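# Report on the structure
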Amino acid sequence: MLGGGQLGRFFVLAAHEMGYKVVVLDPDRNSPAGKAADEHLCAAYDDMQALERLAQTCAAVTTEFENVPADTLDHLSKFIPTRPNAACVSIAQNRIAEKTFLSDRGFSVGPFAAIRSAADIEAADPSLFPAVLKVARFGYDGKGQARVANVAEAKAAFESFKREACVLEKMLTLDIEVSVVLARDAAGRIAPFPVAENSHRNGILDVTIAPARISGALAAEATEMASGIAAELGYVGVLGVEFFISGGRLMVNEMAPRPHNSGHYTIDACVTDQFEQQVRILCGLPLGDARQHSRAVMVNLLGDLWYSQDAHHAHEPDWSRLFRHPGLKLHLYQKHHARPGRKMGHFTVLGESGDPVIDTAMDARLAIG
Ligand code: ADP
Ligand code: MG
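Residues numbered from 1 in each chain as written. Chains lettered and ligands numbered in written order. Predicted model: local features only at pLDDT ≥ 70, side-chain atom pairs only at ≥ 80, totals over all residues. Heavy atoms only, no water.

## Some points on the overall build of the protein
Operational definition: Numbered from the N terminus, helices here are DSSP runs of H or I no shorter than four residues, and strands are runs of E no shorter than two. For a compact globule the rule gives 2.2 Å times the number of residues to the power 0.38, and the radius of gyration it is set against comes from C-alpha atoms. For every residue, the accessible area (1.4 Å probe, protein chains only) is compared with the maximum for its type, and the residue is labelled buried under 20%, exposed over 50%, or partly exposed between those bounds. Contacts were defined at the residue level, with two residues in contact if any of their heavy atoms lie within 4.5 Å. Using the Shrake-Rupley algorithm and a 1.4 Å probe, accessible areas are obtained, with residue cover drawn only from the displayed protein chains. This count recognises Lys and Arg as positive and Asp and Glu as negative, with His and chain-terminal groups excluded. Working definition for charges: the position is that of NZ of Lys, CZ of Arg, CG of Asp or CD of Glu.
In terms of regular secondary structure, the protein is built from 12 helices and 15 strands. Relative to the globule expectation of 21 Å for 369 residues, the C-alpha radius of gyration of the protein, 20 Å, shows essentially globular dimensions. Taking the principal axes of its C-alpha atoms as reference, the protein extends roughly 55 × 50 × 50 Å. Looking at the protein residue by residue over its 369 residues, the buried ones come to 55%. Partitioning the intrachain contacts of the protein with sequence separation of at least 6 by distance along the chain shows that 60% fall at a separation of at least 24. Of the accessible surface of the protein, which amounts to about 16,100 Å², a share of 49% is contributed by carbon and sulfur atoms. The average position of the 36 basic charges and that of the 44 acidic charges among the side chains of the protein differ by 1 Å.

## Examining the coordination of the magnesium ion (ligand 2)
Which entries qualify depends on this criterion: Metal donors: N, O and S atoms at distances within 2.8 Å, or within 3.2 Å for Na, K and Ca, with water omitted from the atom set so that some sites may seem incomplete.
Protein coordination at the magnesium ion (ligand 2): the donors are Glu242 (OE), Glu242 (OE) and Glu254 (OE), at 1.9 to 2.7 Å from the metal. Highlighted residues: Glu242 in strand S11 (residues 237-246) and Glu254 in strand S12 (residues 249-256), separated in sequence by 12 residues.

## A look at unusual backbone geometry
Backbone torsion omega between Arg83 and Pro84 reads 0°, so that peptide bond is classified as cis. The amide bond that connects Ala210 to the next residue, Pro211, takes the cis arrangement and shows omega of 0°. If you check the backbone angles, Phe138 has positive phi at about 70° while not being a glycine. With respect to the element layout, Phe138 can be found in the loop between strand S4 (131-135) and strand S5 (145-148). In this structure, Asp141 is a non-glycine residue whose phi angle is positive, near 45°. Note on placement: Asp141 falls in the loop between S4 and S5.

## Here's the deal with the packing of helix H1 (residues 6-17) against helix H11 (residues 274-282)
This is how the line gets drawn: A fitted line through C-alpha atoms represents every axis, and for helices the fit uses only the stretch in contact; the resulting angles, taken between N-to-C directions, go from 0 to 180 degrees. Between 65 and 115 degrees an angle is taken as roughly perpendicular, under 35 as roughly parallel, over 145 as roughly antiparallel, and anywhere else as oblique. For a crossing to be left-handed, the near helix must be turned anticlockwise from the far one by less than a right angle; the clockwise case is right-handed. Gly counts as polar in this scheme, as do all residues outside two lists: the nonpolar Ala, Val, Leu, Ile, Met, Phe, Trp, Tyr, Cys and Pro, and the charged Asp, Glu, Lys and Arg.
In the contact formed by H1 and H11, the axes pass within 8 Å of each other and the chain directions differ by 65°. Classed by the angle they form, the pair H1 and H11 counts as roughly perpendicular. Here H1 and H11 pass one another in a crossing that is right-handed. Residue-level contacts link Leu7, Phe10, Phe11, Ala14 and Ala15 of H1 to Phe275, Glu276, Gln278, Val279 and Leu282 of H11. Along the lines of polarity and charge, the residues of the contact of H1 with H11 split into 8 nonpolar, 1 polar and 1 charged.

## Details of the domain arrangement of the protein
Our working definition: Domain delimitation in this document rests on an assignment produced automatically or drawn from a domain database.
On domain assignment, one finds that the protein holds domain 1 (6-82), domain 2 (111-170) and domain 3 (176-368). Centre-to-centre, using C-alpha coordinates, domain 1 lies 34 Å away from domain 2.

## What about the pattern of salt bridges?
Convention followed: We define a salt bridge as a side-chain nitrogen of Lys or Arg found within 4 Å of a carboxyl oxygen belonging to Asp or Glu.
Applying the stated criterion across every chain, the model contains 16 salt bridges. The shortest N-O distance in the salt bridge between Glu197 and Arg213 comes to 2.6 Å. One end of the pair, Glu197, is in strand S9 (residues 196-201); the other, Arg213, is in the loop between strand S10 (204-210) and helix H9 (216-233), and 16 residues separate them in sequence. The exposed category is assigned to Arg213, whose relative accessible area is 52%. The partner of Glu276 in a salt bridge is Arg280, with the nearest N and O atoms 2.8 Å apart. With Glu276 and Arg280 both in helix H11 and 4 residues apart, this pair spans about one turn of that helix.

Right under this line is the structure:
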């Protein structure tokens, strides 16, 4: 496993339950997945000695982190199966490559321009404003993004991003945001999970409701688009595709070459979860049944919660308040330090029908926050 965050940790736990051993590569000594793994290689993603050790000890390699250098995946693929491959990851890790790939292949995306210089901003279609300027690489959870009203603000933001390559996206009025997480195996079979409905706070995923409260026709269209993207990429692994719905129209926002935060509801609400699918694909096993057996609402728990009593000192929230709800499942990620904005855990509320599940989830979040 390349990467040691919570996504890697859930993969390690799934792999262990299924009888496999996992080596994690992550430069952070305290990485959540590294602590759960059979072996933690604490080294940089391009450390040749560490990559050699991975290639020698592992039968296959996957990633939980889209910013792994494509060269690392390319190198490893000479020795062991690499799922997803370097080509897919390098498209998903660069917003210019990603949006260009999608629009070239006929998948609907919002209006955008690739920005490599201040001149590109001046030449951009004025109808893009008001817009969002996003760095093409290494942005996450709303970081590396600035809302800009006009050319002057866009140029100032571009300077503040040290003239890194960016995309300039038209600011859309969103009806709703949804995502599709799917698994695609080496034979091209696809198992999509039900469409998830997502709301964000400060650019960070806050709540996921599954299944999404959208029409069957839109849900089918989103599932078809995500499957089409995976097929066009020749993707092997678990893929997360984020969509905007604006004016009733679906547009792809971005994709993640790995399990996705909006797919965490699958851990408790589906026959097979997104991490078991990742293990199955990596190990050449048949895909599991992706059916959802319970309605689900997932709430992210950020480090801010640790500071809600005292802004200067972290206090562990009183989790016992959550366990009053019999259908609530708590998952903490064993991160070393709570920091504001940092994803520390999540909980999922399960039930038979949508509205009571949403009410319970909102009650539970109030009880700890
Ligand atoms: P990240 O990699 O941080 O998830 P996203 O591009 O998905 O970056 O942006 C995070 C969130 O910001 C989106 O889920 C959405 O809520 C909001 N957002 C991003 N781009 C736009 C846009 N062009 N129009 C409206 N809202 C946007
Ligand atoms: Mg996103």
